[in-house]
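Architecture and fold: a report
For reference, the chains in residue letters:
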Amino acid sequence: MDLIKPVTPEVIGRRSGSLRRRHLYSRAFRIACIGFTMSAVGVLGLLIYQVAAAGLPWLDLQFLTSFPSRFPERAGVKSALYGTLWVVSFTAMISLPVGVLAAIYLEEYAPASTMTRIIEINIANLAGVPSIVYGILGLAVFVRFLGLERSVIAGALTMSLLILPVIIISAKEAIRAVPSSIRLAAFAVGATQWQVVRSHVLPSAIPGILTGVILALSRAIGETAPLIMIGALTYVAFVPDGPMDEFTALPIQIFNWTSRPQAEFHELAAAGIIVLLAVLLTMNAVAVFIRYQGTRK
Amino acid sequence: MKQPENAVLEARNVTIRYSGEAAVKGVSLSLFEKKITAIIGPSGCGKSTLLRSLNRMNDFIDHVTQEGEILYRNSDLYGEHVDPVEVRLHIGMVFQRPNPFPKSIYRNVAWGPTINGLSGDINERVERALKQAALWDEVKDRLDDSALNLSGGQQQRLCIARALAMEPEVILMDEPCSALDPVSTARIEDLLFELKEKYTIVIVTHNMQQASRVSDYTAFMESGVLIEYGDTDEVFTRPKQKRTEDYVTGRFG
Amino acid sequence: MTSLVASKKRWGEKILRLVFFLCAFISVVTTICVIAILAYETLSFFQEVSVTEFLFGTEWRPLLEPKAYGILPLLAGTLLIVIGSSLVALPVGLACAVYLSEFASDRARSIVKPILEILAGIPTVVYGYFALTFVTPGLRLMLDDVQIFNAASAAIVVGIMVLPMVASLCDDALRSVPGSLREGAYSVGATSYEVTARIVVPAALSGIFAAFVLAVSRAIGETMAVTLAAGATPNLTLNPLESIQTMTAYIVQVSLGDTPSGGLAYKTLFAVASLLFTITLVMNLLANKVMRKFQEVYD
């Protein structure tokens, strides 16, 4: 296409053939990208619809308060729900302090040494290790070596190890986001390191830390493989009374029901999924709320 | 002041707003063929905004509204059927910070002509553009090197070559030397004298010495308003407006 | 003369610092334990089965006679999942990222990004359910010869699961490309397709590559969806419509079963887990290295 030397007044406004084609490509490309994105969104809708259609009919109070059974009409998620709540509570109690303290160390105290580097590399790598490997670790260390058997506490310890890297990484970010001017001002009035952290850094970082912890815990709630590895049972007709008791969990119950060939059990699984997603939704809503409150201050 | 008969680009009462706030207010300006026009003024006076409207680069910013007309050889640049891509084939741009593509030196210059299917041998076009930008001798043996390996001044000359390779009629320059050292700046200013034999150049600058050295016409803007526009000599030695005199003598800005 | 020496050694501070350090050090201990446990049992395994037979054998039958300990069928199963999920997640994820960073308005972004995050937060067992109850019947409707347990359903679902991560990482990579580069491209008369596909995406390529590697690593480590939907039959095949078994699904199978600990069959669990761990570790290291290099360019 020759560059037209403008000698006539009407210079701009004629679209040459090739420009028209190139603009067509642009439009097609844009539509394709939007289309792909909408199909991803559509899949979510499809999934939710599928689960809801199959599971809602089975979702009632009886379902929430019954134990699993060979008979689908009588089966429920009580043991799984309680088990999940027990495990998550203990997981939170273990992983929150350890994770936050580790993050404090890395952000506030750690020198730029090889040891610090080793720790940081380890955390980054552990974040990408498949969850089933954590299950093997939990089996060997907590169930066998420490003799905790297939208890709630063994499950909680295993889960804590699983989500610890995630908590540390997000807590580190929350702490790093606290402006250094706050620290410097506190140091300038003679505070010790811990005093600065406790009174100035942590309060500002808490919303971000909490958000990260809640999101990490919601990941833990959905994890099945590690609990299977440490031996959480799949047919449990009781609720745990203490941390040393055996247990089952929502994802395991869902897994168990899905594995059965009968269609009713698949529908039960869908109902269980609704309960699980409801728990997750609540937790995420809380996390978003905390984040919102934090940014409002 | 010449009559606007050989005006290539013309702004008529142009007002440009960002989300309601006017950055350019009622500016009317003519840009003459094969001359260098400098637009000067303090930071935030709207000179870059005005410049970018001349090749439809403001299209990419959200919430921008524009009133008035901008004509290129009597065609409305913002007409209903006007293709912004075609506009930029006639009106090129060099930016404040050098922004070469992360590709080879050759590809940087050749990319625009290639995708637009411009006529002639691409290699010749690249060589011509690099020579016009006074960069050819420095890079002719390493055209396949990454453009990012060049120095700041070289990268900016590469960006000038990139614009020249499209053989536009007008070249817009938005503070092209502000990120460069004095030596590179001087080289590019020398370049401008040669380029104006073939191209119409509009250069936004906050360096008054540069404006007075290099340009034929100077426009002084303040707070979005065009205060004065005339021959560079007159604007700098016998300004008609007090605000202009204050600015060019360094009393503010 | 005022003394500037601390009047009392700050023991409290030192103890606190030690406690914090130990918390951080747990990560190192964890890695050491993982490697130690895997290595110990795997070495014990290799005393009875040769490395060559393990790595190159084409039959995997550790629990029934005649016993065979070749991992290739499990690797093939995992590979099918990786390929299938990549075919779904990589193009769609990149397209979503291009949409989010180049075309979407702020409002659209604020809707689509959370939806993708929701997709990412759905537990894998739910995806397994979806594969078994929706995708597999759907495939069987459309094609012949689809077995009830097949690699394709699981692969599709794993792809959906990994898609948000690809989209998010690629979005970050694309947004790291400075706007001035896009402006430079537009200024020489390029259309939006040319700017996006020929300038921006190539500029973000190493970030996109790192995202792809991480996605593959995730797919390799995925357990529940493949356990539920892909089958429990080690099968050295490239036909995605057949029932297979991945490395992860095998590990689950062994732990759900009654395999006595200490036996050779039990040790296969660790051997497979070692290989799994090594592969994902190498991929994660590679991805992180590439990602760091990419961030250096654009910071």
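This one's a predicted model, so the numbers in the text were calculated from it and none came from an experiment.

Quick look at the sheet that holds strand 1 (residues 7–18) of chain B now. Residue and element names in this part refer to chain B. Ordered by their spatial adjacency, 4 strands build an open sheet running 2-1-4-5, and the pairing between neighbours is antiparallel. The strands lining the two open edges of the sheet, one partner per strand, are strand 2 (21–32) and strand 5 (75–76). Bridge count between strand 1 and strand 4 (residues 64–72): 8 bridges; the pairing is antiparallel. Among the inter-strand pairings, Thr-15 is bridged to a residue of strand 4, identified as Glu-67.

Opposite the 62 residues of chain C that make contact, chain A presents 64 residues. Ranked by the residues each element gives to the side of chain C that touches chain A, the list is headed by helix 1 (residues 11–46) of chain C, at 17 residues. Tallied by class, residues from the side of chain C that touches chain A come to 43 nonpolar, 16 polar and 3 charged.

The next subject is the confidence of the model for chain C. All names here are of chain C. Model confidence for chain C is summarised by a mean pLDDT of 90, while 97% of its residues fall at 70 or above. At the level of individual helices and strands, chain C shows its lowest average pLDDT in strand 2 (residues 68–69), which scores 89, and its highest in helix 7 (residues 179–187), which scores 95. The complex prediction reports pTM at 0.89, with the ipTM value standing at 0.92.

Residue and element names in this part refer to chain A. What the domain assignment lists for chain A is domain 1 (17–58) and domain 2 (61–296). Computed from C-alpha atoms alone, the centre-to-centre distance between domain 1 and domain 2 is 33 Å. Every contact between the two is made by 6 residues of domain 1 and, on the other side, 8 residues of domain 2. Classifying every residue of the side of domain 1 that touches domain 2 gives 5 nonpolar, 1 polar and no charged.

So, about the interface of chain B and chain C. The partner chain C presents 13 residues to the 19 residues of chain B that form the contact. When contributions to the side of chain B that touches chain C are tallied by element, the ones reaching two or more residues are helix 2 (84–90), strand 6 (91–94), helix 3 (105–116) and helix 6 (152–164) of chain B. Counting residues per element, the side of chain B that touches chain C draws most heavily on helix 3 of chain B, which supplies 4 residues. Tallied by class, residues from the side of chain B that touches chain C come to 12 nonpolar, 4 polar and 3 charged.

A:Ala102, C:Ala154, C:Val157, C:Val166 and C:Ala225 are the most contacted members of the largest nonpolar core, which has 278 residues in total. Residues from two domains meet in this core; each of domain 1 (17–58) and domain 2 (61–296) of chain A gives at least three. If we skip the residues at most four places from it in the chain, C:Val157 touches C:Tyr127, C:Phe130, C:Ala131, C:Val135, C:Ala225 and C:Ala229.

Procedures and definitions
- Residues numbered from 1 in each chain as written.
- Chains lettered and ligands numbered in written order.
- Predicted model: local features only at pLDDT ≥ 70, side-chain atom pairs only at ≥ 80, totals over all residues.
- Pairing = 2+ DSSP bridges.
- Helix = DSSP H or I, 4+ residues; strand = E, 2+ residues; numbered from the N terminus.
- Contact = placed C-beta atoms within 7 Å.
- Nonpolar A, V, L, I, M, F, W, Y, C, P; charged D, E, K, R; others polar.
- pLDDT = per-residue confidence, 0-100.
- Domains from an automatic or database assignment.
- Core = buried A, V, L, I, M, F, W, Y, C linked by C-beta atoms within 7 Å.
- Buried ≥ 20, exposed ≤ 12 C-beta atoms within 10 Å, placed from the backbone.

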